[in-house]
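Now for the letters of each chain:
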Amino acid sequence: MVGPRCWLISLLLAASLANAQAPKKAPKKAVAETVPAATPPGAVRGRALFGRNCAFCHGKDADGGESGPDLTRSKLVARDIRGDKIRATIHDGRIEKGMPPFPRITPAELADLIAFIRDETKKAAANPGGRKGVDVADLQTGNADAGKTYFNAKCASCHSPTGDLAGIASRREGLELEMQMLYPQNAKSKATVTTPSGETVSGILAYKDEFNIGVVDGDGWYRSWPVSGVKYKIDAPQDGHVELFPNYTDNDIHDLMAYLQTLK
């Protein structure tokens, strides 16, 4: 008969033997931590410059703002390996698209701005689901033939694909083109003023408030009158577009966009 003490010693010896014979686990391999690449000094300086001069249009991270496009998805940025076109765009501006020139910016500052834009472009590419802007492809879902039919029925009385809209898709694209289609910016209004003597003067509306109206006539002369003493009619292009809002369907807008994007 085995006593309690002998039984306990036997149990401990058996456990010790089992541990000695058990295969030893391989030590855990150290997992290398991914350290994010440091932001280049030029990009750090460029962020400050961008914030002061460009962020109000293009967003603080160059991913698009209320009026400026997403530079991290810009074709010009992607294709301009040497940065020459980016430099020219920043220095000279794009007046026709509402971007002012920055002629006083130095070459060193231009280099820092480009470094910042490039750095933000890399970050955006690494996080494709986090983009804020609207891609051009997102607005190419309509039927161009249906859009042409709609255009000829609703828009051709004021616009022409070979006249005022010739090449529109080369000058504007994506959301910028759609915004211009829905609510034209910088569209000049026309005015016709009839004086008490019966004279009629037509031209571009140059000024209008509650007291006076002024137009630039066909000869380039500026003329103005008190509104209380004349009759006038104003033809504002954007007003006609706004009036179409309640009549548009989603398909109408997509189809019109598809058609306008063929006018290059």
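Throughout, residues of each chain are indexed from 1 in the direction in which the sequence is written. In view of the model being predicted, local features appear only for residues whose pLDDT reaches at least 70, and side-chain atom pairs are presented and counted only at 80 or more, with totals across whole chains, interfaces and linings using the full set of residues. The side-chain figures draw on all heavy atoms in the structure; neither hydrogens nor water molecules are used.

1. Some remarks on the overall build of the protein
Here is step 1: Numbering of helices and strands runs from the N terminus, with a helix taken as a DSSP run of H or I at least four residues long and a strand as a DSSP run of E at least two residues long. Looking only at helices and strands, one finds eleven helices and five strands in the protein.
Here is step 2: Exposure categories follow from relative accessible area, calculated using a 1.4 Å probe and restricted to protein chains: below 20% of the type maximum is buried, above 50% is exposed, and the middle band is partly exposed. Taking all 264 residues of the protein together, 30% fall into the buried category.
Here is step 3: Total accessible area on the protein stands at roughly 18200 Å², and carbon and sulfur atoms take up 57% of it. To measure how exposed things are, a 1.4 Å probe is used in the Shrake-Rupley method; for residues, cover is taken only from the protein chains shown.

2. Here's the deal with the confidence of the model for the protein
Here is step 1: For every residue, the predictor assigns a confidence score, pLDDT, that lies between 0 and 100. This prediction gives the protein a mean pLDDT of 82; 81% of its residues lie at or above 70.
Here is step 2: No element of the protein has a lower mean pLDDT than helix H1 (residues 4-21), at 48, and none a higher one than strand E4 (residues 222-226), at 96.
Here is step 3: In this model residues 4-9 is a low-confidence stretch, pLDDT under 50, and it forms one contact with partners more than four residues away in sequence or in other chains.
Here is step 4: We call two residues in contact when some of their heavy atoms are within 4.5 Å. With pLDDT under 50 throughout, residues 30-35 is counted as low confidence; its partners more than four residues away or in other chains account for zero contacts.

3. Digging into a nonpolar patch on the surface
Here is step 1: A cluster of nonpolar side chains, Ile 204, Tyr 207, Val 216 and Tyr 222, forms an exposed patch at the surface whose accessible area comes to about 340 Å².
Here is step 2: On the basis of relative accessibility, which here comes to 47%, the residue Tyr 222 falls in the partly exposed class. Like charges are joined within 9 Å and nonpolar side chains (Val, Leu, Ile, Met, Phe, Trp, Tyr) within 5 Å, but only among residues with over 30% relative accessible area and no salt bridge; these make up the patches. The term salt bridge refers to a side-chain nitrogen of Lys or Arg lying within 4 Å of a carboxyl oxygen of Asp or Glu.

4. Concerning unusual backbone geometry
Here is step 1: In the Ramachandran plot, Ala 62 falls in the positive-phi region, its phi being about 65° despite a non-glycine side chain.
Here is step 2: Mapped onto the fold, Ala 62 is located in the loop between helix H3 (55-58) and helix H4 (75-79).
Here is step 3: Assessed through its relative accessible area of 0%, Ala 62 is described here as buried.

5. Observations regarding helix H7 (residues 144-154)
Here is step 1: Turning to H7, its buried residues are Gly 147, Tyr 150 and Phe 151. Across the axial projection of H7, the buried residues extend over an arc of 100°, all falling on one side. In this structure, H7 carries Asp 145, Thr 149 and Ala 153 as exposed residues pointing more than 90 degrees from its buried face.
Here is step 2: The secondary structure elements touched by the buried residues of H7 are helix H11 (250-260).
Here is step 3: For H7, the side-chain oxygen to backbone nitrogen distance between the N-cap and Asp 145 is 3.0 Å, and the N-cap itself is Asn 143. When we speak of the arc, we mean the arc of directions from the helix axis to the C-beta atoms. Pairs of N or O atoms are called polar contacts if they sit within 3.5 Å, as long as, within protein, a hydrogen donor faces a hydrogen acceptor (for residues adjacent in sequence, only side-chain-to-side-chain pairs).

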